[in-house]
Amino acid sequence: MTGTRQEIAGARRLVVKVGSSALTTAGSGLDVARLDALVDAIADRVRRDTQIVLVSSGAIGAGLAPLKLGKRPRDLATQQASASVGQLALAHAYAESFGRYTLTVGQVLLTSDDVVRRAHYRNAQRTFSRLLSLGAVPVVNENDTVATQEIRFGDNDRLAALVAHLIGAEALVLLSDVDGLYDGDPRSGATRRITEVHSESDVDGIAVGISSSGLGTGGMVSKLAAARTAAGAGIPVLLAAAADAAGALGTAEVGTAFTPADTRLSARRFWLGYATDATGKLRLDDGAVQAILRRRSLLAAGITGLDGDFQAGDVVDLVDRNDLPIARGVVGFDAAELPALIGRSSHEVPVEHRREVVHADDLVPLRR
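What you see is a predicted model; the values in this text were computed from it and never measured.

Caption draft 1: Spatial organisation of the pairing of strand 6 (residues 137–142). Among the six residues that make up strand 6, six are buried, leaving the element largely enclosed by the rest of the structure. Judged by which residues are buried, strand 6 turns out to be covered on both faces: Val 137, Val 139 and Asn 141 on one side and Pro 138, Val 140 and Glu 142 on the other are all buried. The pairing of strand 4 (residues 51–56) with strand 6 spans two bridges and is classified as parallel. Its bridge partner being in strand 6, Val 55 is matched across the sheet by Val 140. Examined bridge by bridge, strand 5 (residues 105–110) and strand 6 share six bridges and lie parallel to one another.

As structure tokens, this is what we get:
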């Protein structure tokens with residue numbers, strides 16, 4: 001067993017995420033047998049002195065049958081209505097199922113504001129800490145009943161990665177209807193499962209698609225992004241099938257394991273790199289890309305172009321010549337100021353503008 005899998009198997013604080021397709025069906029809503037099997041595996045791990053936070057999708061899917069909806073709605077208002085009905089059913093089902101093991105469940109509903117805004121972030125952190133210290137199992141979901149297109153996480157995979165960092169988890173387990181990461185569509189039969197991901201090069205060029213169930217929003221695209229986010233922040237990740245939950249939460253010898261970065265990011269650097277949204281982008285030449293990857297400051301001379309209407313102090317993506325993000329940082333100039341500066345050396349610009357466009361202390365590389 002690899003070191004990463006040993007870390008996951010031995011973690012004392014763990015985030016487990018389960019997708020809609022693993023808990024619900026379009027015609028019948030919640031599948032209680034599947035939910036009970038998941039709870040069985042979590043309860044067994046809790047008995048072995050592990051604190052677990054469960055990030056659970058399924059509220060919208062659980063509301064479909066009661067509202068006589070044949071498939072997941074596309075419009076936000078109907079999704080929110082379905083979530084308001086389904087969230088009650090989901091919370092009740094978890095309370096009943098964990099009750100078989102005399103475990104108490106605490107419901108935590110989050111929007112992106114709760115992670116992006118520092119005061120909200122700290123409040124959420126304190127809530128999780130207290131719930132876990134009292135022996136409860138926090139069950140987390142995006143607050144679909146009030147989230148809007150502008151503030152919603154978009155999928156619970158990303159939410160799980162953010163929660164894992166927020167609570168100081170020692171590992172993240174992502175459970176879905178697929179038994180790991182494949183180098184193509186696993187339904188084609190001509191693909192292979194990737195058992196270990198050690199760096200970005202191990203997943204470069206892999207084509208992943210959305211869930212075929214029609215119940216979830218994420219699919220493998222969001223799971224891979226979440227795994228990269230958590231691993232890049234120093235958290236080991238296991239991607240496995242919900243049907244293999246007992247193995248995933250036991251020896252961790254199933255699925256795909258993602259090796260974590262050597263250093264865990266601070267809360268501020270994690271927020272900068274992964275929790276907040278960029279308001280624009282700066283395009284860099286090859287020399288600037290290499291400097292950024294060595295955690296050097298970005299100067300105007302290395303910029304070839306920009307997009308967005310950002311202000312000094314906003315977060316922007318730093319992208320290479322192929323438009324691929326290599327880092328994020330806090331920009332020191334307004335978008336309107338930069339066109340006159342980009343591509344010019346420091347001695348060629350006015351004295352008042354002779355400073356870093358993005359300081360090294362205010363940027364986070366996104367590649368390992």
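Caption draft 2: Spatial organisation of the packing of helix 7 (residues 156–166) against helix 8 (residues 219–232). In contact at an axis separation of 8 Å, helix 7 and helix 8 are set at 10° when each is read in the N-to-C sense. What the angle tells us is that helix 7 and helix 8 run roughly parallel. The handedness of the crossing between helix 7 and helix 8 comes out as right-handed. Every residue of helix 8 that contacts helix 7 at Asp 157, Arg 158 and Ala 161 is listed here: Gly 219, Ser 222, Lys 223, Ala 226, Thr 229 and Ala 230. The residue inventory of the contact of helix 7 with helix 8, partitioned by class, reads three nonpolar, three polar and three charged.

How each quantity is defined
Residues numbered from 1 in each chain as written. Predicted model: local features only at pLDDT ≥ 70, side-chain atom pairs only at ≥ 80, totals over all residues. Heavy atoms only, no water. Buried < 20%, exposed > 50% of the residue type's maximum accessible area, 1.4 Å probe, protein only. Helix = DSSP H or I, 4+ residues; strand = E, 2+ residues; numbered from the N terminus. Pairing = 2+ DSSP bridges. Axes fitted to C-alpha atoms, helices over the stretch in contact; angles between N-to-C directions. Parallel < 35°, antiparallel > 145°, perpendicular 65-115°, else oblique. Left-handed = near helix turned anticlockwise from the far one by under 90°. Contact = heavy atoms within 4.5 Å. Nonpolar A, V, L, I, M, F, W, Y, C, P; charged D, E, K, R; others polar.

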